[in-house]
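Tertiary structure, described
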Amino acid sequence: MRVGMGYDVHKLTEGRDLILGGVNIPWEKGLLGHSDADVVVHAIMDALLGAAALRDIGRHFPDTDPKYKGISSILLLQRVGKLLEENMYVINNIDATIIAQKPKLLPYIDTMIKNVAQALHLEENQVNIKATTEEGLGFTGSMEGISAHAICALTSIQDLMGDDRSVPSCQGCCRQQAPEGQED
């Protein structure tokens, strides 16, 4: 099993939509960023890429590339899912926490979970997203920004395959040859 963690933060600003977990949340401010600035999806992507030792989202989706300007982070998450498949990883589970003083996020959490699960072809019980405040402390508490943490566990498909080469008596074959005329 491989474990990865991710963290992201974006500044709150007027004139932008607030997108979290692929949900457009009606509020007076949104998050500033090159893409849709979905901090929880960004943290999840970094956790997944980190667990697979595939670097980070900045390497795969640089904010200097105009093709990612305003792009949906859910679309980027789908690309990360394909990258994991190409590298033969299976996602066991994801757990994420959004840190925001406001707005209240509870009404949107189930939809966020559904969006992330669908993007990665997972069951909803493999994804957990929750929200908390910092009791008015720090940049999230003063509503300057929103941050998110995520952790995930992956399994390499190669680790799930039996490999008899590690058994000294096998010498690289799956079964010992039975003497002629005898069945296994």
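Residues numbered from 1 in each chain as written. Predicted model: local features only at pLDDT ≥ 70, side-chain atom pairs only at ≥ 80, totals over all residues. Heavy atoms only, no water.

**Section: the overall build of the chain**
Along the backbone of the chain there are six helices and seven strands. For the chain, the α and β elements follow one another from N to C terminus as β-β-β-β-α-α-α-β-α-β-α-β-α. Per-residue burial for the chain yields a buried fraction of 43% across its 184 residues. In the chain, of all internal contacts separated by at least 6 residues, the share reaching a separation of at least 24 is 69%. Element-wise, carbon and sulfur atoms account for 49% of the exposed surface of the chain, whose accessible area totals about 10600 Å². (Helix = DSSP H or I, 4+ residues; strand = E, 2+ residues; numbered from the N terminus. Buried < 20%, exposed > 50% of the residue type's maximum accessible area, 1.4 Å probe, protein only. Contact = heavy atoms within 4.5 Å. Areas by Shrake-Rupley, 256 points an atom, 1.4 Å probe, with all protein chains shown as cover.)

**Brief notes about the pairing of strand β6 (residues 127–132)**
For strand β5 (residues 89–99) and β6, the ladder comprises six bridges, and the chain directions are parallel. The residue of β6 that forms the bridge with Ala-96 is Ile-129. In terms of handedness, the path from β5 via helix α4 (residues 106–120) over to β6 forms a crossover that is right-handed. (Pairing = 2+ DSSP bridges. Right-handed = clockwise from strand over helix to strand, strands pointing away.)

**What to know about the packing of helix α1 (residues 39–51) against helix α3 (residues 73–86)**
Relative placement of two packed helices is described by the angle separating their axes and the distance separating the axes. In the contact formed by α1 and α3, the axes pass within 10 Å of each other and the chain directions differ by 10°. Relative to α3, the element α1 is oriented roughly parallel. On α3, the residues that touch Val-41, His-42, Ile-44, Met-45, Leu-48 and Leu-49 of α1 are Ser-73, Ile-74, Leu-76, Leu-77, Val-80, Leu-83 and Leu-84. Broken down by class, the residue content of the contact of α1 with α3 amounts to eleven nonpolar, two polar and no charged. (Axes fitted to C-alpha atoms, helices over the stretch in contact; angles between N-to-C directions. Parallel < 35°, antiparallel > 145°, perpendicular 65-115°, else oblique. Nonpolar A, V, L, I, M, F, W, Y, C, P; charged D, E, K, R; others polar.)

**So, the confidence of the model for the chain**
Here the chain averages 91 in pLDDT, while 88% of its residues score no lower than 70. Segment residues 172–176: pLDDT under 50, and six contacts once partners within four positions in sequence are set aside and those in other chains are kept. (pLDDT = per-residue confidence, 0-100.)

**As for the packing of α3 against α4**
Where α3 meets α4, the closest approach of the two axes is 8 Å, and the angle between their N-to-C directions is 40°. By the angle between their axes, α3 is oblique relative to α4. The element α3 and its partner α4 pack so that their crossing is right-handed. The segment α3 lies against α4, with Ile-74, Leu-77, Gln-78 and Gly-81 engaging Asn-115, Val-116, Ala-119 and Leu-120. The residue makeup of the contact of α3 with α4, split by class, is five nonpolar, three polar and no charged. (Left-handed = near helix turned anticlockwise from the far one by under 90°.)

**Remarks on the environment of Ala-131**
Relative to the helices and strands, Ala-131 resides in strand β6. Classification of Ala-131 as partly exposed rests on a relative accessible area of 40%. Among all residues touching Ala-131, those that are not within four sequence positions of it are Ile-98, Leu-105 and Ile-109.

**Quick word on the packing of aromatic side chains**
Applying the stated criterion across every chain yields a total of one aromatic pair. Seen in terms of ring centroids, Phe-61 and Tyr-68 are 5.5 Å apart; in terms of plane orientation they differ by 80°. Their pairing is edge-to-face. Tyr-68 matches Phe-61 in its accessibility class, with the two residues each being buried. (Phe/Tyr/Trp six-rings, centres within 6.5 Å; stacked < 30°, edge-to-face > 60°.)

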